[in-house]
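# Residue-level structure breakdown
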Amino acid sequence: MIRLLAAFVIGALLMSSIAGCASHRETEQGRNAQPEPNAYSEEEMPIQIQNEDDTPELVGGPEDVVRKEEPLSLAELREKYKSTFLLQGSSKEKRVALTFDDGPDETFTPLVLDELKKADVKATFFVVGNRIEANPDIFQRMVSEGHAIGNHSYSHPNYMKLPDEQFRNEIEKTDRLIKTYIGHLPSLVRPPYGGVTENQINWLASMEKKIINWNVDSLDWKGLNADEVYANIMDATQNGSIILQHSAGGEGEDLTGTVEALGRVIAKLKEKNMELVTVPDLIHLQ
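Not measured: the values here are computed from a predicted model.

Moving on: the environment of Val128. Examined against the element boundaries, Val128 turns out to sit in the loop between strand 3 (124–127) and helix 5 (129–134). Among all residues touching Val128, those that are not within four sequence positions of it are Asp102, Gly103, Pro104, His152, Ser153, Tyr154, Ser155 and His156.

This part covers the packing of helix 7 (residues 164–182) against helix 8 (residues 198–206). The geometry of helix 7 relative to helix 8 is characterised by a closest axis approach of 11 Å and an angle of 40 degrees between their N-to-C directions. With respect to helix 8, the axis of helix 7 lies oblique. Viewed along their axes, helix 7 and helix 8 form a crossing whose handedness is right-handed. Contact residues: helix 7 offers Asp164, Phe167, Arg168, Ile171 and Glu172, while helix 8 offers Asn199, Gln200, Trp203 and Leu204. Tallied by class, residues from the contact of helix 7 with helix 8 come to four nonpolar, two polar and three charged.

The next thing to look at is the pattern of salt bridges. Throughout the structure, instances matching the rule amount to 11 salt bridges. For Lys209, the salt bridge goes to Asp175, with nearest N and O atoms at 2.9 Å. Taken together, the residues Lys209 in the loop between helix 8 and strand 6 (210–212) and Asp175 in helix 7 connect sequence positions 34 residues apart. Residues Lys209 and Asp175 agree in their burial class; the two are buried. A salt bridge links Glu271 to Lys268; the nearest nitrogen and oxygen atoms lie 3.2 Å apart. You can see Glu271 and its partner Lys268 sitting in helix 10 (residues 256–271), three residues apart, about one turn around the helix.

Quick notes on the rules
- The residue count restarts for each chain, going from 1 along the sequence in the order it is written.
- Only residues with pLDDT of 70 or above have their local features reported here, since the model is predicted, and side-chain atom pairs are shown and tallied only from 80 upward, although totals for entire chains, interfaces and linings are computed over all residues.
- Just so you know, side-chain values use all the structure's heavy atoms and leave hydrogens and water out.
- Secondary structure counts use DSSP, requiring at least four H or I residues in a row for a helix and at least two E residues in a row for a strand, with both numbered from the N terminus.
- Should any heavy atoms of two residues lie within 4.5 Å, those residues are considered in contact.
- Interaxial angle, 0 to 180 degrees, is taken between N-to-C directions of lines fitted to C-alpha atoms, where a helix line uses only the stretch in contact.
- Here the word oblique covers every angle except those under 35 degrees (roughly parallel), over 145 (roughly antiparallel) and from 65 to 115 (roughly perpendicular).
- In this scheme the handedness of a crossing depends on how the near helix is turned from the far one: anticlockwise by less than a right angle means left-handed, clockwise means right-handed.
- The residue classification treats Ala, Val, Leu, Ile, Met, Phe, Trp, Tyr, Cys and Pro as nonpolar and Asp, Glu, Lys and Arg as charged. All others, Gly included, are polar.
- Each salt bridge in this description consists of a side-chain nitrogen of Lys or Arg and a carboxyl oxygen of Asp or Glu lying within 4 Å of one another.
- Each residue gets one of three labels from its accessible area relative to the maximum for its type: buried under 20%, exposed over 50%, partly exposed in between, using a 1.4 Å probe on protein chains only.

Next up, the structure:
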């Protein structure tokens, strides 16, 4: 009996030793084991894109189609580029600027010049390059009588529809024409129809130019009579206003109302103690 008990104890001890060795070997193997290639933890498992997906589609369309960057509006551009894109001068000064677009022509521009000369007032003319070429004597009169000159393109296109190269050509070609008369490149630009893109604004700013639009529109291009032109101007003009009129127009446009209202407009502004100045003077352009 004693012999059987001793044999049982010895056998149990041997089994425990064998199990302990096996466990130790497994532990060591676990420590030294290298992960299999492309093995991932649960958190690292790559997403499998299924060819067929039952997820409902986005009704409005995917983000990269819908959320395209939209160009800024003219109002937003004016707010963003306050020092380059101007509509008026200082409201603290009793000064206004008369401006005239689209000349020179041989019909209305001389009549506008006559009225300005009679009233001893200097205005700002935003001129079209191919019309300078067609009416050089009238343009020379503009310059000789002391009016300020701005660039209004070569052929009066809509700048917002032009590629950059064509836009720059419109500016540069007219700049060269103006320079032959005034001796230097003009600092002022007025886009045809008042429209301009952000890229164009940045390029003009790099050329040290100011974009001059307006905050008083006579609407004379509609063929209004003198009373209507006068009312449109006087009802809206305040300190610092830049007033838009035309000294030439498109085919068939009648600017008789502009010419006939001009003397009255000037007289009334002077009566209100408004100083009539050129745009460079209004915005203190050095």
